[in-house]
Amino acid sequence: MKILQIDSSPLGDASVSRQLTRATVEAWRARHPQAEIVHRDLVADAPEHLTAERLAVIKFGKDAELTPAQAEERALIDSIVEEFLSADVVVIGAPMYNFTVPTQLKAWIDRLLQAGRTFRYTETGPVGLAGDRKVIVVSSRGGIYTAGLEAMDHQEAYLRTALGFIGVTEIEFVRAEGLGYGPEHRDRAVAEAHQQAKASPGLAVAA
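Treat the numbers as computed from the prediction; the structure is a model and nothing was measured. (Residues numbered from 1 in each chain as written. Predicted model: local features only at pLDDT ≥ 70, side-chain atom pairs only at ≥ 80, totals over all residues. Heavy atoms only, no water.)

Novice: Give a detailed account of the pairing of strand β7 (residues 170-176), specifying residues and quantitative values.
Specialist: When you tally the buried positions in β7, you get five out of seven residues, the bulk of the element. Alignment of strand β6 (residues 134-140) against β7, held across seven bridges, turns out to be parallel. Across the sheet, the residue bridging to V137 is F173, located in β7. Crossover handedness for the path β6 to helix α5 (residues 156-165) to β7: right-handed. (Buried < 20%, exposed > 50% of the residue type's maximum accessible area, 1.4 Å probe, protein only. Helix = DSSP H or I, 4+ residues; strand = E, 2+ residues; numbered from the N terminus. Pairing = 2+ DSSP bridges. Right-handed = clockwise from strand over helix to strand, strands pointing away.)

Novice: Outline the pattern of salt bridges, listing residues and values.
Specialist: Enumeration over the complete set of coordinates arrives at 15 salt bridges. With a closest N to O distance of 2.7 Å, D78 and R117 form a salt bridge. With D78 in helix α3 (residues 68-86) and R117 in the loop between α4 (103-112) and β4 (119-122), this pair connects stretches of sequence that are 39 residues apart. The partly exposed category is assigned to R117, whose relative accessible area is 30%. In this structure, a network of salt bridges that share partners links the residues R141, D153, E156, R175 and E177. (Salt bridge = Lys/Arg side-chain N within 4 Å of Asp/Glu carboxyl O.)

Novice: Describe the UniProt feature "binding site: FMN" (unreviewed entry) in the protein chain, with residues and values.
Specialist: Taken from the UniProt record, the annotation "binding site: FMN" (unreviewed entry) applies to S9, S15, V16, S17, M96, Y97, N98, F99, S140, R141, G142 and G143. Inspection of the secondary structure puts M96 in the loop between β3 (89-95) and α4. Ignoring sequence-local partners within four residues, the contact set of M96 consists of S140, R141, Y145, D153 and Q155. By the element assignment, R141 lies in the loop between β6 and α5. Residue class for R141 comes out buried when judged on its relative accessible area of 1%. Aside from chain neighbours lying at most four places away, what touches R141 is M96, T146, D153, Q155, E156, R175, A176, E177, G178 and L179. (UniProt positions renumbered as here; feature names shortened; annotations may be inferred. Contact = heavy atoms within 4.5 Å.)

Novice: Break down the packing of aromatic side chains for me, with residues and values.
Specialist: In the structure shown here, the tally under the stated rule is four aromatic pairs. Ring plane angle 80° and centroid distance 6.5 Å describe the contact between F99 and Y145, whose orientation is recorded as edge-to-face. One end of the pair, F99, is in the loop between β3 and α4; the other, Y145, is in the loop between β6 and α5, and 46 residues separate them in sequence. (Phe/Tyr/Trp six-rings, centres within 6.5 Å; stacked < 30°, edge-to-face > 60°.)

Novice: Explain the nonpolar core to me, using residue names and the numbers behind them.
Specialist: Formed by 27 residues in total, the largest nonpolar core has its most connected members in I6, F84, V90, L105, W108, V135 and V137. Elements that contribute at least two residues to this core include exactly β1 (2-7), α3, β3, α4, β6, α5 and β7. With four residues, α4 is the largest single contributor of residues to this core. Among residues more than four places away in sequence, those in contact with V90 are L4, I6, F84, R133, K134, V135 and I136. Judged by nonpolar contacts, the second largest core, of 17 residues, contains I3, V16, W28 and A197. (Core = buried A, V, L, I, M, F, W, Y, C linked by side-chain atoms within 4.5 Å.)

Novice: Before we move on, can you summarise the sheet that holds β7 with the specific residues and values?
Specialist: Pairing within the open sheet is parallel, and its five strands lie in the order β2-β1-β3-β6-β7. Unpaired on one side and paired on the other, β2 (36-41) and β7 mark the two borders of the sheet. Sheet twist, expressed as the mean angle between neighbouring strand axes with direction ignored, is 15°. (Axes fitted to C-alpha atoms, helices over the stretch in contact; angles between N-to-C directions.)

Novice: Explain the packing of helix α1 (residues 16-31) against helix α6 (residues 183-198) to me, using residue names and the numbers behind them.
Specialist: For any two helices packed against each other, the geometry is given by the interaxial angle and the distance between the axes. Look at α1 against α6: their axes get within 8 Å of each other, and the N-to-C directions meet at 25°. By the angle class used here, α1 and α6 are roughly parallel. For the element pair α1 and α6, the recorded crossing hand is right-handed. From α1, V16, Q19, L20, A23, T24 and A27 reach across to α6, where they touch R186, V190, A193, H194, A197 and K198. Across the contact of α1 with α6, the residue classes tally to seven nonpolar, three polar and two charged. (Parallel < 35°, antiparallel > 145°, perpendicular 65-115°, else oblique. Left-handed = near helix turned anticlockwise from the far one by under 90°. Nonpolar A, V, L, I, M, F, W, Y, C, P; charged D, E, K, R; others polar.)

Novice: Describe the side chain of Q70, naming the residues involved and giving the relevant values.
Specialist: Along the polypeptide, Q70 turns up in helix α3. Note on Q70: relative accessible area 12%, which makes it buried. If we skip the residues at most four places from it in the chain, Q70 touches E53, A56, V57 and E65.

The following block contains the structure:
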């Protein structure tokens, strides 16, 4: 088994999402001691924002025709796609920033969604090619968006859409909500999320 851990919060040890991705991965490793863990830190090694030069790598040019920046982009895309496709379980740390995901995580997704590799177009529409894995999204947010504010949640909705587009249907969310509602609420929300991470439904049945 291979577990891929993705972190995108710039807050380091103060990050709730990073605490919870670690707890989730540790819970899986406790059940599967031989599992290989691969960690990609999107802050320590942040993908560049896409430019016209970098975006051209996806559609045009052979390797010999690439500029240095494009060669770097091609290597990054290959690495991100191969890491994801080789993983059995993917744990994504996704804090909510202004109703959506951090730019670092968006940049990672921009490289992950690659026509012909993680999805393909057909006469009847797109078909996902990367569905044979479980994804656990650790979702941390200052407000509570599961009780009447769902229309403002462009974090989980976006991740469900992007992952579903590439064929992932087994998606689990570990949520820590209301972190901005004061220390008492924050501590309770984090503790409950830790328990949810440890009780992941997939732990009992994963091979």
